[in-house]
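Report on the structure
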Amino acid sequence: MSAVPWIRLDNGLEVIARPNGAARSIAVQLVLEAGAAFDPAEKEGTAALVASLLDRGAGSLSAAAIAGFFDDLGVAYAAEAHRDTLDIRLRLLSDHLPGVLERLRLIVAEPTFPGTEVGRQKGQLLTTIAERDQDTAAVSEMGLQEALFPPGHPYRHPRLGTRDSVSRIERADLVAFHRHRFRSSGAIVSMAGDFDPARALALAASILGTWNGGADGPARGARGTAGTAPGPAARASIPDPPAPDRTIVVVKPIDGKTQADIALGFRGPRRLSPDLPASLVLNSILGEFSLGGRLGKVIRERAGLAYYVYSRFSAGLGPGPFVARAGVAPDRVRRALDLMRRTIEQIVRRGVTPGELRDSKQALAASVPRSMETNPEAAAILADAEFYGLGIDYPWRLAEMIRAVTRRDVEEAARKYLTPRSCVLVVAGPELEKETLA
Amino acid sequence: MTARTRRGDIVVTRLPNGLTVILREMRQAPVVSVWCWYRVGSRDERPGITGISHWVEHMNFKGTRRIHKEDVTRQVELAGGTWNGYTWLDVTAYFETVQSDAFEEMLRLEASRMTECLYSQNEVEHERTVVISELQGGENDPRSYLEKEVTGTALQAHPYRWPTIGYLSDLRAITRDDLYGHYRRYYVPNNGILVATGDFETAAALRLVRRHFGGIRRGEDPPPVRTIEPPQSGERRLTIRRPSGAVYLEFAFHAPAASEQEFAVFLVADGILAGGPTVNLWSGQDGRGPSKTSRLYRSLIEGDLASQVSTLLVPTRHPYLYRVGVTVNEGVDPGRIEETLTAEIGRLAQGDIEERDLTRAKNQFLARHALESESTTDAAHQLGFFETVAVHRLFLDLPRRVRAVTAGEVATLARARLDGDRRTVGVLFPSGPQPAPAAPGGHGVSRP
């Protein structure tokens with residue numbers, strides 16, 4: 001296992017620096033607990049809008065000055081709101097780290113949200129929402145969230161908001177969201193690439209240490225390497241939604257499309273669930289390994305029904321959906337759905353085979369070194385592990401935990417999460433009749 | 001005899017059977033990336049068999065005489081690996097990036113794929129509906145629909161004009177023998193390029209490559225593409241109506257082949273207009289839009305005319321297209337977008353280019369060029385991709401070519417290639433029933 005140096009600054013910000021001598025570049029990722037789950041009620045889309053505005057004016061710098069700095073040096077900048085987190089990602093050639101960290105501090109600590117830019121970004125977001133509402137995959141995903149999570153639940157609303165909710169967002173809402181959610185304490189800056197880690201940490205400390213968005217941590221310049229990972233930051237609590245007590249069928253008609261999207265969803269695990277490693281193995285067997293696991297074998301390989309069919313779950317601070325997905329011709333929805341349900345029922349009733357278990361465990365555990373090969377991947381994986389309080393050494397421990405998963409663990413996870421009698425079925429596409437799906 | 005050249009840490013060998021082998025040691029992680037390329041793509045098709053190259057790619061995951069269908073991908077994943085394949089205008093490629101101790105197994109897989117895939121009638125029929133499903137999924141997206149229509153209008157003769165996925169009627173009609181014949185004609189060592197990068201010792205790696213590929217018999221050289229697109233004289237326009245959440249506009253111009261000197265000038269011109277294209281077709285889409293200092297961002301996005309603008313300049317063996325795609329803001333007349341694009345191109349043509357514009361465009365390209373070839377997978381991709389569309393050295397040489405570009409060359413290119421008489425303009429308007437309101441609570445929720 002590689003040692004990964006880190007430091008926690010007086011303002012509570014945690015900085016990770018994983019060196020990669022073979023690279024000529026650096027990836028930086030800043031992660032905040034400021035995702036769409038924390039959008040104010042009725043103003044869903046706030047986090048997404050804040051993300052799009054961060055570099056459009058910060059401190060004394062205009063949008064043009066910030067963009068000019070990045071573009072002159074060929075720095076790639078992106079900010080995006082996900083469900084739990086808001087991430088800022090940068091890729092740069094090695095020489096530019098000091099200047100980039102200076103801009104990063106301004107962008108995260110002092111965005112100015114200029115009025116004209118707010119209007120412009122709102123308009124862009126509304127166009128993106130109009131496009132999304134014609135996209136069968138996105139619409140089925142939203143239908144799933146609506147049905148799995150009750151009104152008021154942080155995971156219910158779509159990440160970008162709706163036409164109505166975005167129309168209601170004012171500049172003051174963005175400023176307030178920034179004030180409440182952009183705290184140095186609990187935020188993580190993860191760097192990977194071509195640097196001396198001690199120097200990179202010192203540089204980050206001198207620049208980002210002055211970001212003072214809620215210094216409340218007692219740790220004064222704690223430092224170490226992976227293995228003596230910093231203690232987890234306190235995170236927001238996301239409640240469990242009630243489990244559906246029956247199968248809920250949702251049909252979202254979108255005319256003029258050539259293909260329908262199916263989402264068959266369940267309430268999945270949280271990121272910190274003890275059965276997370278078993279759930280990874282279960283998901284691999286069901287809908288990932290090789291060409292989409294058992295689902296791929298049955299629906300794509302044997303029946304030729306779909307180009308894409310797979311399962312995945314998105315465990316966060318709260319329990320995200322565990323979902324099986326497929327895109328099929330409108331006249332084949334019924335058949336694909338029957339096969340998807342039957343495949344899931346079989347895994348719940350009859351369990352998994354020793355061969356499947358061995359293959360999926362091996363594939364998942366062995367993929368760890370490759371999954372961290374590039375600087376952006378390494379920075380993202382370490383930031384993610386630290387955000388959820390799993391520790392910087394988590395990627396390496398996870399491989400061990402996966403190797404320790406038993407057949408019984410997987411079958412228990414299947415019974416716990418894949419509950420065919422209480423699930424949500426969403427189909428988005430053309431020419432659909434609900435009666436045929438129930 | 002085998003020819004062999006060495007440049008930096010890249011070793012290029014030609015086996016007696018014609019297979020080009022490109023090896024590059026990269027010791028940053030205990031992984032290797034193996035890519036097997038074939039010089040075959042949709043350009044090698046004709047109406048009646050469009051989409052066949054891509055379908056052949058699918059069939060080549062369905063087992064060989066020595067490797068069971070399930071093991072084709074299974075053995076890659078057991079080695080902690082990732083795999084995929086893709087088909088494009090000029091190329092079909094397969095890759096595996098795995099733990100380095102599985103290197104030889106991947107060579108065995110690719111050698112077997114080159115020579116002995118099965119093509120059972122049953123598998124052909126199953127894959128027919130899978131490929132049709134892939135086509136229908138693509139047509140769900142109005143933007144890709146417009147792109148396909150614009151391509152077919154801008155190009156009237158060259159086989160780049162039809163979509164790589166093929167036409168539905170052809171996908172319904174292609175037979176097992178069509179597929180197998182296409183496979184045997186193009187999957188010969190003298191039409192292939194084997195690229196490996198990563199954690200290996202070059203001499204040992206070359207011995208392994210010879211062991212697995214050296215015994216494969218050379219085939220006939222596949223026929224070259226003969227058609228040259230005749231010059232366009234006069235604007236072409238098309239209007240599409242499809243269900244859509246927005247109005248889309250696309251401009252297409254004729255672009256030079258990757259090997260032409262002008263290609264580097266085009267990279268810089270696009271850099272000034274939009275921040276520069278990726279030259280890594282596989283992984284270059286890193287989520288950034290046009291750069292925010294670029295002229296099209298400033299005039300279209302900051303001018304409140306459009307919510308998105310993207311450009312595409314792809315390295316190809318024969319001349320292809322340069323595209324500018326725009327998502328039009330609600331209530332904006334697409335005519336205003338056209339005027340703005342025409343004005344921005346006019347500025348380039350008049351030589352309204354400052355030193356800073358030029359430097360910025362070049363720096364952005366140089367950073368991308370480095371970042372997009374840093375991982376073992378990306379490095380192998382770039383070497384193989386450029387070898388198929390030109391020669392791998394072109395990829396290494398592009399930074400020098402780009403640095404040498406002058407403002408005068410950009411202006412000359414804009415006058416010659418981005419002229420109104422040489423463009424195709426497509427607009428897609430939303431049709432049919434408008435999207436249902438997306439209010440919370442939505443429609444259609446029921447509990448049977």
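A few words now on the overall build of chain A. Along the backbone of chain A there are 16 helices and 14 strands. Relative to a compact globule of 438 residues, whose C-alpha radius of gyration would be 22 Å, chain A shows 23 Å and is just as compact. Considered along the principal axes of its C-alpha atoms, chain A spans approximately 60 × 50 × 35 Å. With 438 residues in all, chain A has 63% of them scored as buried. For chain A, the share of sequence-separated contacts (at least 6 apart) that also reach a separation of at least 24 residues comes to 83%. Summed over all atoms, the accessible surface of chain A reaches about 15800 Å², with 51% contributed by carbon and sulfur. Charge separation in chain A, taken as the distance between the mean sites of 55 positive and 51 negative side-chain charges, equals 4 Å.

All right, on to the packing of aromatic side chains then. In the structure shown here, the tally under the stated rule is 30 aromatic pairs over all chains. Taken together, a centroid distance of 4.9 Å and an interplanar angle of 90° make the contact between F387 of chain A and Y388 of chain A edge-to-face. Like Y388 of chain A, F387 of chain A is buried. With centroids separated by 5.8 Å and ring planes inclined at 50°, the aromatic side chains of F61 of chain B and Y94 of chain B adopt a geometry described as tilted. With F61 of chain B in the loop between α1 (52–59) and α2 (69–78) and Y94 of chain B in strand β6 (residues 92–99), this residue pair connects regions lying 33 residues apart in the sequence. Overall, F61 of chain B belongs to the buried group, its relative accessible area being 15%. Note on Y94 of chain B: relative accessible area 0%, which makes it buried.

To continue, consider the domain arrangement of chain A. All names here are of chain A. The domain architecture assigned to chain A consists of domain 1 (5–224) and domain 2 (248–436). Inter-centroid distance (C-alpha atoms) of domain 1 to domain 2 is 28 Å. With 37 residues of domain 1 in contact, the opposing surface of domain 2 contributes 40 residues. Taken over both partners, the interface formed by domain 1 and domain 2 buries close to 3000 Å², and the fraction arising from carbon and sulfur atoms is 66%. Looking only at domain 1, the three residues that lose the most surface to domain 2 are R18, T136 and L144, adding up to 19% of its buried area. Counting across the domain 1 and domain 2 interface gives three salt bridges. Ionic pairing is found between R312 and E141, a salt bridge with its closest N-O pair at 3.5 Å.

With 141 residues, the main nonpolar core has V28, L90, M191 and L418 of chain A as its most contacted residues. Looking at this core element by element, the count peaks at eight residues for helix α11 (residues 333–350) of chain A. Looking at which domains feed residues into this core, each of domain 1 (5–224) and domain 2 (248–436) of chain A gives three or more. Excluding residues that lie within four positions of it along the chain, L418 of chain A makes contacts with F266, L282, L286, F322, I344, I347, V348 and A413 of chain A. Listed in part, the 84 residues of the second largest apolar core include A264, L358, V405 and L418 of chain B.

What follows deals with the packing of helix α1 (residues 46–53) of chain A against helix α7 (residues 171–181) of chain A. Residue and element names in this part refer to chain A. As a packed pair, α1 and α7 sit with axes 10 Å apart at the nearest point and diverge in direction by 85°. Taken together, α1 and α7 sit at an angle that is classed as roughly perpendicular. Counted together, T46, A47, L49, V50 and L53 of α1 and D173, L174 and F177 of α7 form the full contact between these two elements. Of the residues contributing to the contact of α1 with α7, the split by class is six nonpolar, one polar and one charged.

Turning next to the pairing of strand β3 (residues 25–32) of chain A. Look at any regular strand and the pattern is simple: side chains alternate between the two faces of the sheet. All names here are of chain A. Summarising burial for β3: eight of the eight residues are buried, a large majority. On β3, burial covers both faces: S25, A27, Q29 and V31 on one face and I26, V28, L30 and L32 on the other are all buried. When β3 meets strand β7 (residues 86–93), the two strands line up antiparallel, connected through eight bridges. Paired with L30 across the two strands is I88, which belongs to β7. As paired elements, β3 and strand β8 (residues 188–193) share six bridges and run antiparallel to each other. The residue of β8 that forms the bridge with A27 is A192.

Definitions and cut-offs
- Residues numbered from 1 in each chain as written.
- Chains lettered and ligands numbered in written order.
- Predicted model: local features only at pLDDT ≥ 70, side-chain atom pairs only at ≥ 80, totals over all residues.
- Heavy atoms only, no water.
- Helix = DSSP H or I, 4+ residues; strand = E, 2+ residues; numbered from the N terminus.
- Rg over C-alpha atoms; globule rule 2.2 N^0.38 Å.
- Buried < 20%, exposed > 50% of the residue type's maximum accessible area, 1.4 Å probe, protein only.
- Contact = heavy atoms within 4.5 Å.
- Areas by Shrake-Rupley, 256 points an atom, 1.4 Å probe, with all protein chains shown as cover.
- Lys, Arg positive; Asp, Glu negative; His and termini not counted.
- Charge placed at Lys NZ, Arg CZ, Asp CG, Glu CD.
- Phe/Tyr/Trp six-rings, centres within 6.5 Å; stacked < 30°, edge-to-face > 60°.
- Domains from an automatic or database assignment.
- Buried area = accessible area lost by both parts, 1.4 Å probe.
- Salt bridge = Lys/Arg side-chain N within 4 Å of Asp/Glu carboxyl O.
- Core = buried A, V, L, I, M, F, W, Y, C linked by side-chain atoms within 4.5 Å.
- Axes fitted to C-alpha atoms, helices over the stretch in contact; angles between N-to-C directions.
- Parallel < 35°, antiparallel > 145°, perpendicular 65-115°, else oblique.
- Nonpolar A, V, L, I, M, F, W, Y, C, P; charged D, E, K, R; others polar.
- Pairing = 2+ DSSP bridges.

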